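# Topology and contacts: notes
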Amino acid sequence: MEYIAQTLFILLLISGSVLFTINVRKIRRNILLGKNTDRSDHKKERWMTMVRVALGQSKMVSRPLPAVLHIFVYVGFIVINIEVIEIIVDGAFGTHRVLSFLGPLYSILIATFEILAVLVFLGCFIFFCRRNIAKVKRLASKDLDGWPRSDANYILIMEMLLMTAFLFMNAADLRLQWIHFGHYAGVKVSSSAFPVSSHLARFYGGASLKGLVMAERFCWWFHIVGIMAFLNYIPYSKHFHILLAFPNTFYSNLKAKGEFSNLPSVTNEVKAMLDPSFTPPPPPEGTVQRFGAKDVTDLSWKQLMDAYSCTECGRCTSSCPANITGKKLSPRKIMMDTRDRLEAVGKNRDENKGKFVDDGKSLLGDLITPEEVWACTSCNACVQECPVNIDPLSIIIDLRRFMVMEQSSAPNELNMMMTNIENNAAPWQFSPADRMNWANE
């Protein structure tokens, strides 16, 4: 029976790892559908940004309560995963608490895991209540209706169940150690190593030996199966930011907020006007030359990585002045729509042997409306607020460029201003020769 359990565990581990790798490779393929952009400069500054923002959670502290709760979950998630190493070794080789030879250090580790497990449970429970009972405005918006709202709740419930299984597994294990049963008696761990589960052990007061073993094994299997399920769920979830937060902050835009990027095609036109001998380089073969962006493949790979890194926390939307004043724009929805469209494009390619077959849809128009794009004030509040340095404004600007430069579609006031700049070198509707007439008055 022991060999059957080991075989099942190894099969679970291999199949879960393979499936996770396949899903991650699809996401990587989707991100690389974006246009190239160089983010290889200023390596030292990039590393410091990643350490400060992703590892140090520096941008979370602007909202103290969510910051503290997130730190509970974040630190607990990282540290408790050390315990998964022991579970993997025990499952593969049929051992029990293989790291217990560490003695007092092991006791400190287990005690730390248990305290963190309680803090993770507490953090997830409060997050769940904020979403579903208190209904915090940014977490109850209409752009979260449907799958996004369910996704958040599934993750929180899953994490609470995993922490519960871990603690009750320890509780049953501890009782079996107390009565020196089987291989549990061979593990010499101080009772102080179980500051939480030693209290939970009372729930097993009248349980038989068989019942205790079944409870411990059930919780052990539930914990490891749950971890593998969680691992393969996050590529479909907003919680993929757990992995992408680090590269996403590393490749952050280090330029001043609000600084626009120049379109190579426009730059080449200006160079040709200034220097008639300049010959613009030919566009890459098989590419569509486009001003701005109409669909996700017109965006850069970094913008597409931003979409997958979004945790849908809504800090961007709650700080957006356009959204606050009742406009349709939601920077969070911009990122969610970009990710949804990218997923659809990736699925299209999978169904057509790696080639995209035109489905008659695009990011602009079908998911994001012109009304949303023009509501943006370009203030960068969304960029400033994002905990993982996502830049929704860059996508909005590229969508605007497409509408203005390819569709000649812009509000009348803006068209009049651009016409005046073109004709008069100023936004005003009079010639440059008359510009100083006001001084004569």
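Scope of this entry: the structure provided in the associated data block. (Residues numbered from 1 in each chain as written. Predicted model: local features only at pLDDT ≥ 70, side-chain atom pairs only at ≥ 80, totals over all residues. Heavy atoms only, no water.)

### Overview of the layout of surface pockets
- By volume, the second largest pocket amounts to about 750 Å³.
- Together, 31 residues line the second largest pocket, and His 70, Val 73, His 239, His 241 and Thr 311 are the ones closest to its centre.
- When contributions to the lining of the second largest pocket are tallied by element, the ones reaching two or more residues are helix H3 (64-93), helix H4 (104-132), helix H5 (147-178) and helix H8 (241-250).
- Here the lining of the second largest pocket takes six residues from H3, the largest share from any one element. (1 Å grid on protein atoms, 1.4 Å probe; cavity = no way out; pocket = protein on both sides within 12 Å on 5 of 7 lines; lining within 4 Å. Points joined across faces, edges and corners; volume = space filled by probe spheres on them. Helix = DSSP H or I, 4+ residues; strand = E, 2+ residues; numbered from the N terminus.)

### Notes on the packing of H3 against helix H7 (residues 209-233)
- H7 packs onto H3 with a crossing angle of 115 degrees between their chain directions and a minimal axis gap of 11 Å. The way H3 lies across H7 gives a crossing that is left-handed. Each of Phe 77, Glu 83, Val 84, Ile 87 and Gly 91 in H3 lies in contact with H7, whose residues at this interface are Trp 220, His 223, Ile 224, Ile 227 and Phe 230.
- Among the residues making up the contact of H3 with H7, the classes are represented as seven nonpolar, two polar and one charged. (Axes fitted to C-alpha atoms, helices over the stretch in contact; angles between N-to-C directions. Left-handed = near helix turned anticlockwise from the far one by under 90°. Contact = heavy atoms within 4.5 Å. Nonpolar A, V, L, I, M, F, W, Y, C, P; charged D, E, K, R; others polar.)

### Some remarks on a nonpolar patch on the surface
- On the surface, Val 266, Val 270, Leu 274, Phe 291 and Met 405 cluster together into a nonpolar patch covering about 430 Å² of accessible area.
- Among the residues examined, Met 405 registers a relative accessible area of 38% and is labelled partly exposed. (Patch = residues over 30% accessible without salt bridge, like charges linked within 9 Å, V, L, I, M, F, W, Y side chains within 5 Å. Areas by Shrake-Rupley, 256 points an atom, 1.4 Å probe, with all protein chains shown as cover. Salt bridge = Lys/Arg side-chain N within 4 Å of Asp/Glu carboxyl O. Buried < 20%, exposed > 50% of the residue type's maximum accessible area, 1.4 Å probe, protein only.)

### Details of the pattern of salt bridges
- Across all of its chains, the model carries 14 salt bridges by this definition.
- With its nearest N and O atoms 2.9 Å apart, the salt bridge here joins Arg 341 to Asp 295. Here Arg 341, found in helix H13 (residues 331-351), pairs with Asp 295, found in the loop between helix H9 (264-274) and helix H10 (301-309); they are 46 residues apart in sequence, far enough to count as distant. For the residue pair Arg 341 and Asp 295, the accessibility class agrees, reading buried in each case.
- Asp 306 is the salt-bridge partner of Lys 302, the closest N and O atoms lying 2.6 Å from each other. With a gap of four residues between them, Lys 302 and Asp 306 both fall in helix H10, about one helical turn apart. Neither Lys 302 nor Asp 306 differs from the other in exposure class; each is buried.
- Here the salt bridges share partners, and the residues they tie into one network are Asp 295, Arg 341 and Asp 359.

### Quick notes on the packing of aromatic side chains
- In this structure the tally under the stated criterion is 11 aromatic pairs.
- Ring geometry for Phe 250 and Tyr 251: centres 5.0 Å apart, planes at 90 degrees, overall edge-to-face.
- Phe 250 sits in the buried class, given a relative accessible area of 9%.
- Residue Tyr 251 is classed as partly exposed on the basis of its relative accessible area of 28%.
- Clustering of aromatic rings is evident, with ring pairs tying together Trp 47, Phe 250, Tyr 251 and Trp 301.
- Here the basic side chain of Arg 217 rests over the ring of Trp 220, its NZ or CZ set 4.8 Å away from the ring centre. (Phe/Tyr/Trp six-rings, centres within 6.5 Å; stacked < 30°, edge-to-face > 60°. Lys NZ or Arg CZ within 6 Å of the ring centre and 35° of its normal.)

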